[in-house]
Each structure stands twice: as C-alpha cells, then as structure tokens.
Amino acid sequence: MSEKKLPSLVIVGRPNVGKSTLFNRLTGTRRSIVTNEPGITRDRIYGKAEWRGHHIETVDTGGIVPDDKALIPQEILRQANIAIKKASLLVLVVDSQAGLTPLDEELARLLRATGKPFVVAVNKVDATSQVNNAAVFHRLGAPVFPIAAEHGTGVDDLLDAALAQFSPPSVDAAAKTHQPPSTKHEGGQHAAPQLGEISEVAPPSGIDPEYAEAENEFADEFSDNDANRPVQVAIIGRPNVGKSTLLNRMVGEERSIVSPIPGTTMDSVDTEVEHDGHLYNFVDTAGIRRKGKTTLVAEKLSVVMARRGLERADVALLVVDGEQGVTQGDAQIANYAEQSGRSVIIVMNKWDLAVEAARKAADRAAATSKGQARRDAHNRRAEAAAKYSMTAQTRAKFKAGEARAGASRANRGKGDSSKPGSREYSYAGATQGVHGFGDQDKSRLLFDYEKLVRDKLKFLSYAPIVFLSAKTGDRASKLFPLIDQVAAARRKRIPTPELNRWLKEEVDLQRGTTPKARPVKIYYLVQAKTSPPTFLLFTNQKEPLHFSYQRFLENQIREKWDFPGAPIRFIQRLRKAERDTREPKSRAEAREAERRKHGPRLMREHETKEIDE
C-alpha cells in the first residue's frame, strides 16, 4: 500500500456550527451524525473527498471549546490538535446566523498560531440575501467562503480554493499527471482480485453434471475474496466496556477518546492499521443499548450507525466487561452479529479486574475459619504424601524446610500464627503471600469463566474467546493472529468433489434428529458462497429442514473443516429429478405409482390410515 499521501483538509469550529454536515457533503456519505444537539462529534472522523479528479483526505473534528476544563471537551481539543498537526489546509466553520462570536475569534487565533493555512467557511447562508452576513467574518484575517453545507451551495468554491492551496503551480500539470495513474489504477483494480481466473478454471473431476449449474449460480458472491483488501473489523459491545480502549491498543495511539462516562463514542471511528504485513480497518462503534434506554436523538442515531458499522465488517469483536460477565445486553448484541452473518470473536475485556476480584474473594475465603481448616487439611494431606512417597534424602530436605518455616513463625512472635491468613501453607498452584491464588488458580478461573460464557452464548459456540486487558495490554497480542485465523476461515471454500465424497463416505445422515417421518436424504452438496460459508443442499424434502437437523449438519461440517468464528448458512433445494417427475403427475397417476412401488396390501393400510386421520 505505497500510495502517495493525500492532502488533508481538516474541518474545525465551535460546537453545532455544521462541521459534520459539511464533512458528509464533501465525502458524499453519512458517516458523521448530524443533529441539533451540540457536542455529538468527539473523535476524529476520516473520509475521502473527490473534486475535479483529485482526492482529498477530509477530517471531521469535534466542537472545540478551548477553556472548558471538563474531561470530554479536553479530549476533543486534544484529538483536534492531532488532526491539525497533519493538516494541509484548515477550514474554520462558523455560523452566519449567530454572527462572529468571541469563541470564533479565539479559535482563529489558535489556528493562526499553528502556522497552517486556513480559510473560513461561513455556514448556513441559505439564500443570496444572506451573503452579506458573511462580511463580518473578514475580521478573522482569512479568506471567507459563504456556504450552505446542507444544500451544497458554495462548497464548489471552497474545494477550488483547497485544490489551489494543495497544488498552486499549475492545474494543467496536475491534470496531466492525473490521467496515467487513473488508467493504471483501473487496470490494477481489475487485476488484483483475479476473480476471472477463479471462475474460468476448469471444473475438477467428480462434479455431477446434473448439478453443475449450481457451481456458478452464486459466482458473483465471491467478489469479497480479494486478499489484498483490509480485513474489516468492527468493535461492538455495550457502552463503557472498553471498546475505544481496545481500538487505541490495537492502533498503538490515542485514536479514540476514552473516559469513564458511558456513551463517550457517538460516531463510528474508522482506522486502518498495518500489522505484520496484514491490513486491518478497525471500526470503533458506539455502545449499543436497548431502544427504551436511548433518549436523545443522537443516541438513537449512534446505535443505527453502530449497526451499519457492524454490517460492513468481516469480523466483529464482541467486547464484554469481564468484571461484570455476560449480560442480556451482550447476548442481544451477539445476536445482531450472528444474524447479520459476521464472523465473531468474543473479547472478555478487563480480565485484570476479574482476576483481581477473584483474588480478593480468595483472600476473604482464606480469612475465614472454614478456609483455614481447609488449608490445614490440605497441608496434612501434603505432609502425608511427602512422608510415604519421598526418598530418605528428599524427606530430610522436607523436614529441614519445615524446621526453617517453624523458626520463621517463632521469630514473628507468639500468637501470630493464630491470626487469620498468617499461617504458611502450600498446595498445587498456590503462591505464597497472596493467600494461595497462583497461576494454576488463574488457569482454573479462566477455564470456569469460559464455560460460563459458553453457557450464556450457546448460539455462538463456534466463536473463539480471548481474555485480555485493553488497558494494560495483557494478552492483547493474541488478538491479531486470531483475527487472521477467523478472516481466513470466513473466506475458506471447500471443493465440491471433496464435499460430496465426505457426505457419502463419512456422514451418517440417519443420526440427525428430525420430527418428520420421512427420512432425510441429501443427494448433493455445494458450497454456494463464502463470507459467510453457505452450503447448497439438494434433498428429498419439500419443507425446510428442521433446525435440529441443520445443527447436526453444521456440527459435522465444523468437525471436518472447523470454520472458527464463522457462522454457517444452508440453502435447501428439492432434487431436480423429483421436482420434474412428481409435480406434473395427476393424483391418479401418483396413486398408481405408489401401488406399484409398495404393493396392494401396504397401499390399503396407507389408505385406511388416511381415512382415520
């Protein structure tokens, strides 16, 4: 990805002057949330604008209030300063209807001090008669452009001035240099995915000609298999579970604002990261809450934007507060991800706090008389095992160690050994001095916790679980390899001959449970598409397969090919031969065929049963 760095146009201004509206207008998207409520945009939002054949990196920032000492306004100012340092042109957005305010003048002084070129975009000039309202802003000492961001009026003049700032020598030279890269880019764009090569490869032997058309029915669905494009990773979860902290940890910088206030992140924040030669596009989404819990319009929009961010992702990182455990809200968000067909990784965040809570619980248990009696019993068993299983030399070392331990207790003073938690004790996995909560106890806690998570999220049994602390970085290194593994499984495609060979030789279809009397027969199996893996079944069933039978098939497929983190879908078709031969028959012809097949006696029993029913 050795692309030339795009010139950066950074939009700044005080709250609620129309910065996000201008950003959406320039990028042609609805990436930033636009409402009448001030202070909605907080993080840096990146997008691309195209004007006269040139691409411009456009950055939306939060409303700046320099003197506000509150946590979130201070973080908004810090995020804006990061964008300003990398800017090629600053656009100060002001409100023509409010006039020139002291805060606008203060922001103009701050921008002038940066040494970066800046212009003033006077927004909300909705009519020609209102153009004179922009005259007062010439006092800021920068070029003034009256615009209406909502309608697009005057934005073209602003973009022309931006292009002149980025490439002042000659526009003709820029146009000449623009043409060849355009054709090269188009050629590279067609060459990179190599989709034509995949579809034109001669079909392998073993494909039944009767079902050959099923191979190409979903050929256009493989367009997302370009290995060169970044893996789209959405970070989802309830408010205040550590999504922005995790994004900052993965990116390696303070990309999103982190605060203890729930709902800090409103917009979806996209960040592209390169790690070990692989590209990832992380999308930090707003915390998803139930509709009844959202009151402000911006909160409702942020949930909608979070759902959209999830739907354009390949892999969803479901972040759960490890200290609180899996809640009903977590299960609902997990259901969103599963229903949308995203691959899922369950991230148990704040694992350090969960371990600390377990340690404190062990401390409290150790301080009780029951806990002390349990330790004494364990010590007696350990001494008995040492007495009868050790060699004479090892037994002598054990007694010497006991003598040293007794001497150390005596040196601490009489009566200390009777105090809760003051005795020395040891058992498998215990760590001295921390009431026996050692590495083995952590492993046992992790095992029990994973079982608890599986019980709460049974429908995500295929999703891997990683325990980490985004704040400290503990175990966070496990996440990148896991994302690669899950993304590869999502794009995995099983050849049709291999599928049907497995279906014929290794799968006992009668093991699947179904409430229907008619036994299920699967004549042919094709992987119709990837992302998520979807299999086309040709069966003898006219009704959809029971969910229990689909689950049986899914378990059999996962046992053979794994597909970690990826949901598996099934499409069912009636076998062509049955569809062609049975449907045109009249009722009399069908009964005659059944009579020849089963014989007169079985037909009479069948007719009697139909009459009784």
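Below you will find a few notes about this structure.

### Examining the sheet that holds strand β6 (residues 144-146)
By way of backbone hydrogen bonds, the strands of a sheet pair with one another, either parallel or antiparallel.
And then number 1: The six strands lie next to each other as β2-β3-β1-β4-β5-β6, forming an open sheet whose pairing is mixed. The open sheet is flanked by β2 (45-51) and β6, the only strands paired with a single partner. Mean inter-strand twist for the sheet, computed between neighbouring axes without regard to direction, equals 30°.
And then number 2: As paired strands, strand β1 (residues 8-12) and strand β3 (residues 54-60) are joined by four bridges and run parallel to one another. Across the sheet, V10 pairs through a bridge with V59, a residue of β3.
And then number 3: Strands in contact with helix α3 (residues 102-114) are β1, β4 (89-95) and β5 (118-123); relative to β4, the strand with the most contacts, it is inclined by about 175°.

### Let's talk about the pattern of salt bridges
And then number 1: Summed over all chains, the structure comprises 13 salt bridges.
And then number 2: For the salt bridge of K451 with D455, the shortest nitrogen-to-oxygen distance reads 3.7 Å. Of this pair, K451 and D455 both sit in helix α14 (residues 439-456), four residues apart, roughly one helical turn.
And then number 3: With relative accessibility at 43%, the residue D455 sits in the partly exposed group.

### Digging into the packing of helix α16 (residues 496-505) against helix α17 (residues 547-561)
And then number 1: At a closest axis distance of 12 Å, the pairing of α16 and α17 adopts a crossing angle of 115°. Read as a crossing pair, α16 and α17 show a hand that is right-handed. For the pair α16 and α17, the contacting residues are E498, L499 and W502 in the first and Q556, I557, K560 and W561 in the second.
And then number 2: Residue composition of the contact of α16 with α17, by class: four nonpolar, one polar and two charged.

### Let's talk about helix α4 (residues 155-166)
And then number 1: In this model α4 runs 17 Å from its N-terminal to its C-terminal C-alpha over twelve residues, within 8% of the 16 Å that 1.5 Å per residue would give.
And then number 2: Listing the buried residues of α4 in full gives V155, L158, L159, A162 and L163. Axial view of α4: buried residues confined to an arc of 135°, hence all on one face.

### Some remarks on the sheet that holds strand β13 (residues 522-529)
And then number 1: The three strands are arranged β13-β14-β15 in an open sheet whose pairing can be described as mixed. Since the sheet does not close on itself, it has two edges, and those belong to β13 and β15 (569-574), each with one partner. Across the sheet, the mean angle separating the axes of adjacent strands is 25° when strand polarity is ignored.
And then number 2: Running at roughly 120° to β15, α17 makes contact with β13, β14 (534-539) and β15 of the sheet.

Procedures and definitions
Residues numbered from 1 in each chain as written. Predicted model: local features only at pLDDT ≥ 70, side-chain atom pairs only at ≥ 80, totals over all residues. Heavy atoms only, no water. Pairing = 2+ DSSP bridges. Helix = DSSP H or I, 4+ residues; strand = E, 2+ residues; numbered from the N terminus. Axes fitted to C-alpha atoms, helices over the stretch in contact; angles between N-to-C directions. Contact = heavy atoms within 4.5 Å. Salt bridge = Lys/Arg side-chain N within 4 Å of Asp/Glu carboxyl O. Buried < 20%, exposed > 50% of the residue type's maximum accessible area, 1.4 Å probe, protein only. Left-handed = near helix turned anticlockwise from the far one by under 90°. Nonpolar A, V, L, I, M, F, W, Y, C, P; charged D, E, K, R; others polar. Expected span 1.5 Å × (residues − 1). Arc of directions from axis to C-beta.

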